[in-house]
There are 2 protein chains.
Amino acid sequence: MNTYTYEKSQSLFKRAAKVIPCGIYGHLSPAPLVPPTDYPFYAAKASGSKFWDVDGNEFIDYMCAYGPMVLGYNNPIVEEAAEKQRKLGNCITSPSPVMVDLAEYLVNLISIADWAFFAKNGGDATSFALMIARAATGRAKAILIKGGYHGVSPWAQGPGHHGVTDEDVKNNIYVKWNDISQIEEAISDNPKQIAAFMATPYHHPAFTDSEMPGDGYWQKVEQICKKEGIVLIVDDVRCGFRLDMRGSNEYFGFKPDLICYCKAIGNGYPISALVGKDYLRNYAAKVFYTGSYWFSAVPMAAALTTLKELERINGPDIMIKLGKKLTDGMTEIAKTYGYNLKVTGVPSMPSIYITDDESLMLHQDFCAACTKRGAFFTSHHNWFISTAHTDEDIQRTWDIVEDAFKAIKKK
Amino acid sequence: MNTYTYEKSQSLFKRAAKVIPCGIYGHLSPAPLVPPTDYPFYAAKASGSKFWDVDGNEFIDYMCAYGPMVLGYNNPIVEEAAEKQRKLGNCITSPSPVMVDLAEYLVNLISIADWAFFAKNGGDATSFALMIARAATGRAKAILIKGGYHGVSPWAQGPGHHGVTDEDVKNNIYVKWNDISQIEEAISDNPKQIAAFMATPYHHPAFTDSEMPGDGYWQKVEQICKKEGIVLIVDDVRCGFRLDMRGSNEYFGFKPDLICYCKAIGNGYPISALVGKDYLRNYAAKVFYTGSYWFSAVPMAAALTTLKELERINGPDIMIKLGKKLTDGMTEIAKTYGYNLKVTGVPSMPSIYITDDESLMLHQDFCAACTKRGAFFTSHHNWFISTAHTDEDIQRTWDIVEDAFKAIKKK
């Protein structure tokens, strides 16, 4: 099996480094990809489950644009709906009727939703959720999970990050995932001061395994929040519509007060959403929250069609089954070469690490070896499955994985 | 001249009120439009300088989607570039080459720009600018102008707003626009603690006249910031590419360290940008800042084409001349009916109020009367001109204005 080279990616990156801080910043930065020279930096095109880089290399994409791609790149059904709306108009002085259609659809779909609100980023939704909780409770503090990610707002980045002030994070209280006693302690240390508890449906930090909620964890959290008048916020930005169409909380059997969506909601069209319970509606109305493109109709039309299609085909079920098949097969192949793969998280967004490799050196080698053979794997973040991934993709990925293990073994 | 009715808008709004807080929230909320019954709430389609509401009424649009529309709705040149990129791909696991092209273009275009960074909202850019200033200076405080708008982040909303904590705004120091002594006082009260001075190129608050910078104001601010090691940030989100293609600061003759762009940059495609001087590049690289759709290629392709087209035709010059013609004519017509119109701000985004009407009652009547005759005017916010507005549009608007004044006079 030949491996890829990336001359054009690298020459574009050299140009980029002159005019863009880091060349490529944020979650698409090549910095955590090791060795970066084994990865493509720029995509020329994308279709279905694959993308092609500027050097013409083809990749089965297991990052799915870090989540937004859920029905396949350039899905014809979504594109048709978007095109129809685009011809009418997108970002206009008044919103379009599709905004009402989408809100009605979400309120019907999501079990806890009595209303919906639309923005652009996941972080727009998490910040707005926190502001609503503060407006509703008249309290300032928030309980967050250590190592959780809720976007790049200074409060969400947490202490010690560049550009974050002490005041930005003064109201954050961090607790360990799956630890009820730390939540209870935070509450007793800060009586009637806690506005919100915010967490992802399960814990999916970078650079390490995902952790599922322990038995009864969420039910206990829900009970505590109700008793203490704390707004329970689920950040479903990453898991949303990959676990359960009714809200990832349904996958784990609990009911939050607010749920934040982004990523998979519009199959790559830029939209995020916050949905909530009726008792928070007036507070959501009171907090002023808006943005230049938040009423754009095309992403709303795309989201409505994406959600309908995911519901029609039971997208989460398809992705969970595909993810299970992929990772079960990979685990078997790894064993035959003497490696153990630890797979955590829900299979539609699996987290995979080679065991007994705390430095991640071996794991990085493996991910890079697969990538330069055509299966795009990152070593520091959970992967994503889409409904566009096929059995053929999985078979080809297994072949790539086998060849990669062979190459690593030789080294 | 017949006036419009809005049965379908109102019935859609009734549906919306059940599933969306406020029905329509944020800057598109009908709440400040008085009487709201004289305004359309939902747009069915848009083209060039006009939009049509769901009741089939046609409007010459003087809000331009509150700024993003600058070359006309569905401008064929921009749409062609977007479509070409869309067929290749939009939101992919790696960025597209157009990101580098756009950054290079901005660095060439904007006089102070040594690098460019892309996000989605204007508020993403203003918050990032503040974080960079803090990272670069190791200081926390920021000087802001009373009544200025920099987005909906809690720090930007300011004290007393719903959902904003004391800590969110603890580092804000507010000074009066055009008042150098208050800036000097803020600095002497907070020695070596001020990271940034942030303001719009000229002061364009809601519900009142715009105010231009006084003679030498910006030059003095620039001088003070340099001396005190304060990062000078221009929020060019609203003015950007409507005053001067090289940066609105060039219109007023000064050089900031960072400039925030959004709105007109992509003719409605969702993208914002921060550009900055070389000495801040490493700090921009250090602050972690990203979002799910920030690398999407279609808005970048749209922005590149929008900027090239605006530069080719000298868009700011066209809009300034059109705005001057429109408002000069309106002022003349107003006089013949015994009213004085005060026009402030740069003519490409004029602020217009009837004088001697502090309650805005008369002004609201006038704006509503024009809107329901087909010229969409709001009474509480500056208007926007695009390059797609025509002499015919202006003539028709004058006729509408005349008819509106007649109707108001009768009342």
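Residues numbered from 1 in each chain as written. Chains lettered and ligands numbered in written order. Predicted model: local features only at pLDDT ≥ 70, side-chain atom pairs only at ≥ 80, totals over all residues.

Draft legend 1. Quick look at the domain arrangement of chain A. All names here are of chain A. What the domain assignment reports for chain A is domain 1 (7-61 + 315-410) and domain 2 (76-313). The C-alpha centroid of domain 2 is placed 28 Å from the C-alpha centroid of domain 1. Element by element, the count of residues in the side of domain 1 that touches domain 2 is highest for helix α11 (residues 315-336), at 4 residues. Along the lines of polarity and charge, the residues of the side of domain 1 that touches domain 2 split into 6 nonpolar, 9 polar and 1 charged. (Domains from an automatic or database assignment. Helix = DSSP H or I, 4+ residues; strand = E, 2+ residues; numbered from the N terminus. Nonpolar A, V, L, I, M, F, W, Y, C, P; charged D, E, K, R; others polar.)

Draft legend 2. Focus on the sheet that holds strand β4 (residues 115-119) of chain A. Residue and element names in this part refer to chain A. Pairing is mixed in the open sheet, where 7 strands are placed in the order β4-β10-β9-β8-β7-β5-β6. Single-partner strands in this sheet number two, and they are β4 and β6 (172-175). With strand direction ignored, the average angle separating the axes of adjacent strands in the sheet is 20°. Alignment of strand β9 (residues 258-261) against strand β10 (residues 272-276), held across 4 bridges, turns out to be antiparallel. From the neighbouring strand, Cys-260 faces β10, where its bridge partner is Leu-274. Strand contacts of helix α3 (residues 98-109): β4 and β10, with the helix running at about 130° to β4, the strand carrying the most contacts. (Pairing = 2+ DSSP bridges. Axes fitted to C-alpha atoms, helices over the stretch in contact; angles between N-to-C directions. Contact = placed C-beta atoms within 7 Å.)

Draft legend 3. The interface of chain A and chain B, seen in detail. Listed by partner, the interface residues are 86 residues for chain A and 86 residues for chain B. Sorting the residues of the side of chain A that touches chain B by element identifies α1 (7-19), β1 (43-47), β2 (50-53), α3, β4, α4 (122-137), α5 (154-157) and α9 (281-286) of chain A as the ones contributing at least two each. Its residues placed into classes, the side of chain A that touches chain B shows 50 nonpolar, 24 polar and 12 charged.

Draft legend 4. Structural detail: the pairing of strand β9 (residues 258-261) of chain B. Residue and element names in this part refer to chain B. With burial as the criterion, each face of β9 is covered, one bearing Leu-258 and Cys-260 and the other bearing Ile-259 and Tyr-261. As paired elements, strand β8 (residues 231-235) and β9 share 3 bridges and run parallel to each other. Counted as the bridge partner of Asp-235 is Cys-260 from β9. (Buried ≥ 20, exposed ≤ 12 C-beta atoms within 10 Å, placed from the backbone.)

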